[in-house]
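Coordinate analysis (summary)
As a plain string of letters, each chain reads:
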Amino acid sequence: MTMPAVNPEKQKRERFVYQDDDIIEKRFNWAQLSRLAIYIKPYARQLVPLLVLMMVLGTVTKLLVPLLLGLAIDEVSGASPSYNKLWTYSGLIAALFVIQWGAGHLRIRYTNMIGQRVIYDLRAHLFQHIQKLSFRFFDKRPAGSVLVRVTNDVNSLQDLFTNGVVNLLIDCVQLVGIIAILLTLNVKLGLAIMVTVPVMFVLTTAVRRRIRRAWQDVRMKQSRINSHLNESIQGIRVTQAYTQEKENMAYFDHMNTENRKAWDRASMLNQAFNPLIEITAGIGMFILFFYGAYLIQSHELSVGLLLAFITYVGNFWEPINRLGLMYSQLLVAMASSERIFEFLDEQPTVAEKKQASELPPIRGDVSFRDVVFEYEPGRPALRGVSLEVKAGQTIALVGHTGSGKSTFINLLCRFYDPVSGEVLIDGTDIRDVSIHSLRSQVGIVMQDTFIFSGTIRENIRFGKLDATDQEIEEAAKTVGAHDFIVKMPNGYDTQVEERGNVLSMGQRQLISFARALLADPRILILDEATASIDTETEVKIQSALKKLLAGRTSFIIAHRLSTIRNADQIVVLNHGRIVEQGNHDELMRYGGEYHGLIQAQYRFLEEIS
Amino acid sequence: MFPLTMLNCLKITNNSGGLRSDQRASERGTLDMGVFKQLSRFYWPGKLKYLILISVVCLAIATALGLVQPYLLKYLVDEVVLEGNYGQVPFVALAVLAIVAVKSLFGFFHGFSGGRLGNLVAYNLRKALYEKLQFLSFQYYDKARTGDLMSRLTGDLDAIRQFIGFGFAQLLNLFFMVGFGAAMMLSMSWKLMLITLVTMPFLVFAAFRFEAKVHPAFREIRKSMSDLTTAVQENISGVRTVKSFAREPFEVEKFSYRNDQFRESVIGTSLIQAKYFPVMELLANLSVVILLAAGGMLVIRKEMTPGELMAFFSLIWYIIGPLFGLGFHINNFTQSKAAGERVLEVLNQYIHVKDSPKAVELKAEEAQGHVQFENVTFAYPEHGPALYDFSVDAKPGSVIGLLGPTGSGKSTVIQLLLRAYNVKQGQIKFDGKDIRELTIESLRRNIAVVFQETFLFSSTIRDNIAYGRRDVSMDRIIEAAKLAKAHDFISELPLGYDTVVGERGLGLSGGQKQRIAIARAILQNPKVLILDDATSAVDMETEHEIQQGLREVMKGRTTFIIAHRISSLKHADEIIVLDEGRTIQRDTHQELLQQSGRYLDTYLIQYSDHPDIASGKLMKREVANG
């Protein structure tokens, strides 16, 4: 069968594949908005009324100024002007400005205090909820997508909760206020001007919709570019070793051009927006000049009030424009809040019972009774596993990838609940006890140790939060980590990072052993804990391991036979079933799968020597 | 919360860059105002300079036209209403509309050309940066941090786009507005102008104070946001660890602290805004009051017409408006200058490894794959030597094994062969020619590497294997995958070879990634094959299978194998044991087992699982040694 060759032109375009981000905005949704509003509730009594007061005060004073100015001008340009009245008007206006200053100051303060507290609460709620969720939740999502919810999505609500809501109110008050004043001052002129309002409304919403879409396109293209840039920097060694620089440049140029075109489109629409508003406002001004002068002629309007009108009309489009902006903001907030609520609605699959008791100190008897488990319906990972383990025993789990070794351990830690059957520790079903009391007595060392950013000391202390420095050093000495730690520039206080290369794989592993030892678990699990360690380090760890295992029930998944051989029980798993069980000698005599595995390894090694 | 543009400018402040500080310092001295001069090749050539011209001229015209409306108002009041010439009303009103239309048209032209300009500048810069990044040598990437480079390519680039496209014209316009406005006021009443503008200096002062204060505050916000992000990110990446120690309460506490810090820093910033914004507004408003009092007096005394006073009310915002933003614009300028510096730093980066003028091409058809290292000593910049006096003669088709602990110099050997760095002492030859006399591209095309850290691109498995080869048939891709023992697991995937992998794609295990990388190297059909710990993440059985596949591939090629496991090295024609850059043992597997030393020690540890084999070997050795 001959398959077609990769089309070069197509490859140039689709050399890399970047998935686009989640949809940036959603349709307006009242249910979600009211759900968001719940977060304002705690502050509804004390701070919100103050805020509303300040806001109304600020807006009303602002609205009164042009009117007073107009009256003052009429006064001075009138037939018998009075200095006193001029001073009174000036003083009054000055007083209004001072009130406006105070109200503005408090308004900004309260707005941010409320808004930031709401954001804090929402973020805290979300994070705490995520902590409760089970492995199944994390299994199906890349870490980045969870992170984005807690950071970016919450941040994008920040605007809504601070300025958004307040501005909405201010704008409404301002709009209504202006209309009321204009109609009161002069009904005819007021009505004539009002003609421009719907025009403006329609224009802004229509144009803004197109602008919004254009910027969405920009963001999408930008995020593709960013993905590619990030990747091309990280993979530069491969690119250079395979001399793909020029091909990449051709690919990038296409991407870069697309991005520029999207930007051009968006910025053109953006630039078209203001002229449209200005021209509409110009029409308003035309009506004012034309009809205003006519009204002055017929003595229905004064010159000063014409100035007031001009100022009000000038202030008109500002709230309308901002309301349009606010709407766009709301749509973005809809998408973010939908993603946040999606997480908040997730229920932990491993839930604690209401009447869950504390698990008393573990002796270490473990039994699996006919345990069945599947990660996805229809694809069983364990198909009825039963096993009895006495306190203090060391159990080695052996089998190919996918045989169910790790699943066995995941169920023992209650990272998942079995579909049927039960897991008992000291005769108690682990579903009947609190998760914390269970996991704090079960320790696990994994192949890919996680190092938190912080000092080495803090990383070890993670195993026991109230450990003294002395206890930490003891633990490090026991597992043989002390020597390399004291050689580091700042010893135990050396800063390490998740991905930093301060520590080698082996050193990370030693730290995680120290962490586990410090936690002093009654049941210890080593899941391929030594797989990524080089030969010399592993020899050092072997003796640490013995100390770690002493006096505890332990489960070991490992490739190295020397570790497996000494186990009290070796459990051979195959496709989710226990196929053999016994110690090394028994299983070798039995001549089954374990024997076969050992023989296979022998053969490779024999070939070498 | 805060203006986006402001944030964008702020984004760029804390990149310290991956370069030596002395280099930066020397650049800073000469760059000062020259940054934009150096960047001129991105905004001046061809039609670009006309775009700048159009943008600035149109903005100036729009600004000037803005002054006409207050003038028309004055005219309407003084000449039409007060004089009773109502017949002129339609003309004045139409003039208002016409002026607004023309003004907004020019405003649009300014925005349009500014936008085009900025986008073209961003395009040109990004293109130049990308090309530079493709060719910068390993030496640069050893120190560069991805995050830092990314912020130069995104945040810094946008700051430059914004400034050249708009910021620059707006900064100029500031002077136009103040100048035009003041001139017009002057033409009506110089006394009133002076009195009105009495609060200006205070306003300017407040604007600058505000910028000075709010700037560090924004930096604080960014820092606490990044702390918060780190906390969440680590919590999620380390979720297994967190849950297995039942440390959720501890994590919540840690998070709450950071969450609180973030909230406080945002509130802190808003308090600065709460203090300054209303004050600045008050200062501006006070000049309105002063204008009313003083201007009203002048009107009563008939030293001024009512129309003039009304025009003054419009004009005053012409002058005050820009002053509000003065601090911001100045800041914008310094920020984009700094952004320009950081971008130039990358563009001016020296490329260490490049073709010599007389470099010749190494033709694939003629290449033999004869690799010689002759007394090579090499040190990474600012480090002690990583490799001392290293020599090897790898005949075409031979296999060289390299063994040693981390940092012993194994990877250095292969990086030097790839000419990722230049050798200063000793020389490396390919088919008898010093590799510095060959073009880099042709040298690398004859070598295929499987790196220790596997990197897969966000692309289909097929394209990842075909990386570097366009004209390749699906059959050959499958053949390579089969040899790398990758075909079976790939076929089991729902989309097979069309499965997208990489950062956002399907997660593959370390061993699976390595097998794809091996297939990629096999497909290259190189004369020299390098396997740098290429099977570390696969289990022993799979490794054995891969090796059987590779043995076929290695026929007729020179191969370098770096490995921890003795089992990977045993077939090598020569095994070199390195320690801290020095060659401590070299021989074949069989011979090395006869000598006491590092190789035998490693062997014994690795075979301690099978004492019978190991002791059998030892006995043989004792017999041999008598």
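Quantities reported herein were computed from a predicted structural model and do not represent experimental measurements. (Residues numbered from 1 in each chain as written. Chains lettered and ligands numbered in written order. Predicted model: local features only at pLDDT ≥ 70, side-chain atom pairs only at ≥ 80, totals over all residues.)

1. Regarding the sheet that holds strand β2 (residues 379–389) of chain A
All names here are of chain A. Strand order in this open sheet of 4 strands is β2-β1-β4-β5, and the pairing throughout is antiparallel. Each of the sheet's edge strands pairs with one partner strand only, and the pair in question is β2 and β5 (428–429). Bridge count for strand β4 (residues 420–425) against β5 is 2 bridges, and the pairing is antiparallel. Considered in β5, the bridge of Leu424 is made with Asp429. (Pairing = 2+ DSSP bridges. Helix = DSSP H or I, 4+ residues; strand = E, 2+ residues; numbered from the N terminus.)

2. Structural notes on the domain arrangement of chain B
All names here are of chain B. When the domains of chain B are assigned, the result is domain 1 (30–188 + 334–349), domain 2 (190–303), domain 3 (364–446 + 558–587), domain 4 (447–525) and domain 5 (589–626). Counting residues at the interface gives 12 residues for domain 3 and 10 residues for domain 5. Class assignment of the residues belonging to the side of domain 3 that touches domain 5 gives a composition of 7 nonpolar, 1 polar and 4 charged. (Domains from an automatic or database assignment. Contact = placed C-beta atoms within 7 Å. Nonpolar A, V, L, I, M, F, W, Y, C, P; charged D, E, K, R; others polar.)

3. Considering the environment of Ala517 of chain B
All names here are of chain B. Counting through the fold element by element, Ala517 comes out in helix α20 (residues 510–524). Looking at Ala517, the number of C-beta atoms within 10 Å reads 26, which means it is buried. Aside from chain neighbours lying at most four places away, what touches Ala517 is Val450, Thr454 and Ala534. (Buried ≥ 20, exposed ≤ 12 C-beta atoms within 10 Å, placed from the backbone.)

4. Looking at the interface of chain B and chain A
Put simply, an interface is often sized by how much accessible area is lost when its parts join up. Listed by partner, the interface residues are 129 residues for chain B and 127 residues for chain A. Considering each element in turn, the side of chain B that touches chain A owes the most residues, 27 residues, to helix α13 (residues 248–300) of chain B. Considering only residue class, the side of chain B that touches chain A consists of 69 nonpolar, 34 polar and 26 charged.

5. Thoughts on the pairing of strand β12 (residues 582–587) of chain B
Residue and element names in this part refer to chain B. Where strand β11 (residues 574–579) and β12 come together, 5 bridges link them in antiparallel fashion. Looking across to β12, one finds that Leu578 is bridged to Thr583. Between the end of β11 and the start of β12, which pair antiparallel, lie 2 residues, with Glu580 showing a positive phi angle near 45°.

6. Comments concerning unusual backbone geometry
All names here are of chain A. Its identity is not glycine, yet Arg414 carries a phi of approximately 55°, on the positive side. Tracing the chain through its elements places Arg414 in the loop between α12 (405–412) and β4. Since 22 C-beta atoms lie within 10 Å of it, Arg414 is described here as buried. Notably, His575 is not glycine yet its phi reads approximately 45°, a positive angle.

7. Focus on the nonpolar core
Ranked by internal contacts, the top residues of the largest apolar core, which has 114 residues, are Leu307 and Phe309 of chain A together with Leu292 and Phe312 of chain B. With near-sequence residues (within four places) excluded, Leu307 of chain A lies in contact with Leu69, Gly70 and Ile73 of chain A together with Met310 and Phe313 of chain B. One finds Phe390, Ile447, Ala466 and Ala563 of chain B within the second-largest nonpolar core, a separate group that totals 87 residues. (Core = buried A, V, L, I, M, F, W, Y, C linked by C-beta atoms within 7 Å.)

8. Thoughts on the confidence of the model for chain B
Residue and element names in this part refer to chain B. When pLDDT is averaged along chain B, the result is 84; 90% of the residues meet or exceed 70. Every residue in residues 1–31 is under pLDDT 50, and counting partners more than four places away or in other chains gives 45 contacts. The low-confidence segment residues 621–626 (pLDDT under 50) makes 3 contacts with residues lying over four places distant or belonging to another chain. This complex was scored by the predictor with a pTM of 0.81 and an ipTM of 0.85. (pLDDT = per-residue confidence, 0-100.)

9. Considering the domain arrangement of chain A
Here chain A is partitioned into domain 1 (30–185), domain 2 (363–441 + 524–530 + 553–609) and domain 3 (448–520). Inter-centroid distance (C-alpha atoms) of domain 2 of chain A to domain 3 of chain A is 28 Å.

10. A closer look at the packing of helix α3 (residues 47–77) of chain A against helix α11 (residues 303–344) of chain A
All names here are of chain A. One way to put it is that α3 packs onto α11 with a least axis distance of 7 Å and a crossing angle of 155°. In terms of axis orientation, α3 runs roughly antiparallel to α11. As α3 packs across α11, the resulting crossing turns out to be right-handed. Between α3 and α11, the residues in contact are Pro66, Leu67, Leu69, Gly70, Leu71, Ala72, Ile73, Asp74 and Ser77 and Val303, Gly304, Leu305, Leu307, Ala308, Thr311 and Tyr312, respectively. For the contact of α3 with α11, a count of residues per class yields 11 nonpolar, 4 polar and 1 charged. (Axes fitted to C-alpha atoms, helices over the stretch in contact; angles between N-to-C directions. Parallel < 35°, antiparallel > 145°, perpendicular 65-115°, else oblique. Left-handed = near helix turned anticlockwise from the far one by under 90°.)

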